[in-house]
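Observations on chain architecture
Here is what each chain is made of, one letter per residue.
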Amino acid sequence: MLAGCPKFSISHRPNVINSLLERKIDKRPDRVRLQGRILFLTEDPELIKRQLAGEDLPWDTKNPANNPKLRDDISTDEITPAHYCFYFDETLGEIPYLGLKCGSVTPIGRGEVKRGGFVCAVSGKRRGKGSSREQSPYAEMCAGIRVVIAENIERIYKQNCQNLGVLTSTDFSLIDRIRGGEEIPLSEFTAGEDEITRQVIEYGGLFPFNVARMQGKVFLPPIKQADNGGLGQNPHPMTLAEKIFARHMVNEKGEVGVASVKPGDTGFAQADLRFSHEYVTPMAAIFFERYVGKDAKVNDASSIIFFRDHLTFLDEVISEEKKKLGLLDLATQLKLKQQDFAAKQGIKLHGELKDRKGSEGICHSIVLESYALPGQLNIGSDSHTPHVGAIGCVAFGIGTTDVFNAWITKDVRVKVPESVKIVIRGKRHANATAKDFILKILSLDYVRSGKALAKVMEYAGEAIEELSVDERATMTNMAAEIGGFTGIVAPDKKAVDFLVERRGMDRKKAEAMIAGLYSDPDAQYAHVIDLDAAEITPMVATPGDPGNGKYVRELNTPVPIEIAYGGTCTAGKNEDMDMYAAVLADALKHGKRVADSVKFYIQFGSQETREYCLRKGYLDVFQKAGAIVIEPSCGACINAGPGVSTRLDQVVISAQNRNFPGRSGPGQMYLASPLTVAASAVAGYIVEYEPSDALVGV
């Protein structure tokens, strides 16, 4: 028996709710006919070009081995390259797959998918990995794509598709039925989905579903309490993430909080904090104004934060060709739209600096430094939102439609995920860091095969406990590269110290805040990964994917570099600066500096980190060693700041989190830790850092 729709606390919001309560909302037809062609995104660029020219590729659904190899790991960077996300309207329909690489070829040109009359796009494993940008499925939708078929599909991308009304499936037998012009029951696309997702698909997207929810037309399943084996009234054992979800789930009476949850439970969770940046806010604002009303007010502006952090340095690296397309002007419009919406709504905006070029900080850096608290549930318009799981909160990335819906309801659709426990035991090497740990995890078959998709990554073990909160944030941040729902570390004394020292919080208050925030001894995990820190030495991820991990000592020949980059949310924190400074100070002590053949960029994650470097005297070290220091911004990581490559043959070593094709320029990018990046900048080629005795343990 399903419970009725919970009541909303809306007495103070009549102007929003009344307009929505009067909106006519209908379900989509229960049978769909997908009229159009099918685009197979193969590894062979010539096959793609032939399809764009009008040829329909034969496909044997009965004998898959007879078919050409489909592209795996298609990232949202390839579906909609970053610069084209400056569009936030139907123009995106000209953009899909412009960044798709087949070998060294990008076979799809602007507008070709739309002109080709395609209704379905087919690919292989891990479709839609990477950024949470909803521009990707929106671009596909505007180009005519109505259904996406792949072997498996990344969580955020899939949810963005559902929110927009784009159908998704892993059933390749649909190919014949689409080509045959068959009417396909909508139930084929809702099979196996939870009750809420089924209804979102039936209503054609999250917004119409939420309006129907407000009107009492849809029903939310109650969260049934699991059998605890007759142990009285105590809830069944839960993981840390499950405990936090339980605190935030909305029950059938509309109240926040339930006794317990288990994987698979579905519902809406109230968010403590909602944030977005200039890549997403404008599109969400347009959706809000179009569907809710130009004069409508968001729900609880005090718990919403905006950031201008992605495109601060774009003008320094954008090509003349892209300027001629008007993309720099479009980027300025993103900034202005967010600025205007923030002012109109009374929302806090962390923006650009007034006295010099740069931003107040990257959203994830500032949220960890100033806002997130243990036990909270936070949502953000960026796949690296799990960054703040380092202090024991559940934080996850959402797309544009989720963002603007959360402005109305203050909650977010959730299916409680399974958890994977990643235990790293033992003592780490002095030159091994959290980045080396996560690159090792990303190289594991369990992760590369997609088995970790949409699961919580809970990090534990002596080597994790020994890490600072800054270093733990590297682990939780890059749960995004795993394809996980989020990453989290149980808060402990180090989390308390962080809150006391970095926030000025009362110690007793901080200690009370972390009480009970740990996984129960008998909590259930989907999988346990056990690693020995002593076996992990400095690593790199070779160009193309963060999962291409190998030990530096396994590189057979020296790899000369031209650019070294230390920065971004992942590697622009205080302790990352400690590492860059330690290596460069060590180099100066031995009469060395950054190699003449290398440009080494160091970019702060926030103004707080810049002030930290000033207090520690690091700016002097960086300058004397020949590094180029940059004010905070996402910058090179998204091809929007100094440190990007400009040639195909240019080799870059970067401490950022992703090296998908074309993400940070056309060159060959290796990912590595701050220590390895700095040491390589000094050597001129990729090397492990070998600390002097004085620096062991840094």
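Structural notes, computed from the coordinates.

Conventions and cut-offs
- Residues numbered from 1 in each chain as written.
- Predicted model: local features only at pLDDT ≥ 70, side-chain atom pairs only at ≥ 80, totals over all residues.
- Heavy atoms only, no water.
- Helix = DSSP H or I, 4+ residues; strand = E, 2+ residues; numbered from the N terminus.
- Buried < 20%, exposed > 50% of the residue type's maximum accessible area, 1.4 Å probe, protein only.
- Pairing = 2+ DSSP bridges.
- Core = buried A, V, L, I, M, F, W, Y, C linked by side-chain atoms within 4.5 Å.
- Contact = heavy atoms within 4.5 Å.
- Phe/Tyr/Trp six-rings, centres within 6.5 Å; stacked < 30°, edge-to-face > 60°.
- Lys NZ or Arg CZ within 6 Å of the ring centre and 35° of its normal.
- Axes fitted to C-alpha atoms, helices over the stretch in contact; angles between N-to-C directions.
- Parallel < 35°, antiparallel > 145°, perpendicular 65-115°, else oblique.
- Left-handed = near helix turned anticlockwise from the far one by under 90°.
- Nonpolar A, V, L, I, M, F, W, Y, C, P; charged D, E, K, R; others polar.

Topic: the environment of Glu46
- Residue placement: Glu46 occurs in helix H2 (residues 45-52).
- Here the alpha-carbon distance between Glu46 and Val105, two residues 59 residues apart in the chain, equals 9.4 Å.

Quick word on the pairing of strand E13 (residues 411-415)
- Counting buried positions along E13 yields 4 of 5 residues, so the element is predominantly enclosed.
- Where strand E7 (residues 266-270) lies against E13, 5 bridges are found, and the strand directions are antiparallel. The partner of Thr266 across the bridge, within E13, is Lys415.

Focus: unusual backbone geometry
- Of note in this structure, Lys410 is not a glycine but carries a positive phi near 70°.
- Its location among the elements puts Lys410 in the loop between helix H16 (400-409) and E13.
- Even without a glycine there, the phi angle at Ala454 is positive, about 65°.
- Looking at the secondary structure, you find Ala454 in the loop between helix H18 (445-448) and strand E15 (456-460).

Focus: helix H15 (residues 363-371)
- Burial runs high along H15: 7 of the 9 residues are buried.
- For H15, the full list of buried residues reads Cys363, His364, Ser365, Ile366, Val367, Leu368 and Glu369.

Focus: the nonpolar core
- Among the nonpolar cores identified, the biggest contains 83 residues, and Phe245, Phe396 and Trp407 are the most heavily contacted of them.
- Ranked by residue count, the leading element in this core is helix H10 (residues 206-214), at 6 residues.
- Sequence-distant contacts of Phe245, defined by excluding residues within four places in its chain, comprise Val261, Leu377, Val394, Phe396, Val414, Val416, Pro417 and Phe485.
- Ranked by size, the runner-up nonpolar core spans 41 residues in total, among them Met577, Met579, Cys613 and Ala679.

Considerations on the packing of aromatic side chains
- Within this structure, the stated rule accounts for 20 aromatic pairs.
- Between Phe341 and Trp407, the aromatic rings sit 5.1 Å apart at their centres with planes inclined by 25°, giving stacked as the arrangement. Of this pair, Phe341 sits in helix H14 (residues 327-345) while Trp407 is found in helix H16, placing the two residues 66 residues apart along the sequence. In this structure, Phe341 and Trp407 share a single accessibility class: buried.
- The structure contains a cluster of three or more aromatic residues connected by ring pairs, namely Tyr138, Phe207, Phe287, Tyr291 and Phe404.
- We note Arg155 situated over the ring of Phe485; from NZ or CZ to the ring centre the distance is 4.3 Å.
- Stacked on the ring of Tyr518, the Lys or Arg Lys243 has its end atom at 4.0 Å from the ring centre.

Things to note about the sheet that holds strand E2 (residues 37-40)
- Taken in spatial order, the 4 strands make up an open sheet running E2-E3-E4-E5, and their pairing is parallel. The sheet is open, and its two borders are formed by E2 and strand E5 (167-169), each paired with just one other strand. Along the sheet, successive strands turn relative to each other by an average axial angle of 20°, direction set aside.
- Two elements, strand E4 (residues 147-149) and E5, share 3 bridges in a ladder whose sense is parallel. Bridging across to E5, Val147 finds its partner in Leu167.
- Lying on the sheet, H2 is in contact with E2 and strand E3 (118-122); it crosses E2 at an angle near 160°.

A look at the packing of H10 against H16
- Relative to each other, H10 and H16 sit at 20°, their axes nearing to 10 Å. With respect to their mutual orientation, H10 and H16 come out roughly parallel. For the crossing formed where H10 meets H16, the hand is right-handed. For the pair H10 and H16, contact is made by Leu206, Phe207, Asn210, Arg213 and Met214 and by Thr401, Asp402, Phe404, Asn405, Ile408 and Thr409, respectively.
- Class assignment of the residues belonging to the contact of H10 with H16 gives a composition of 5 nonpolar, 4 polar and 2 charged.

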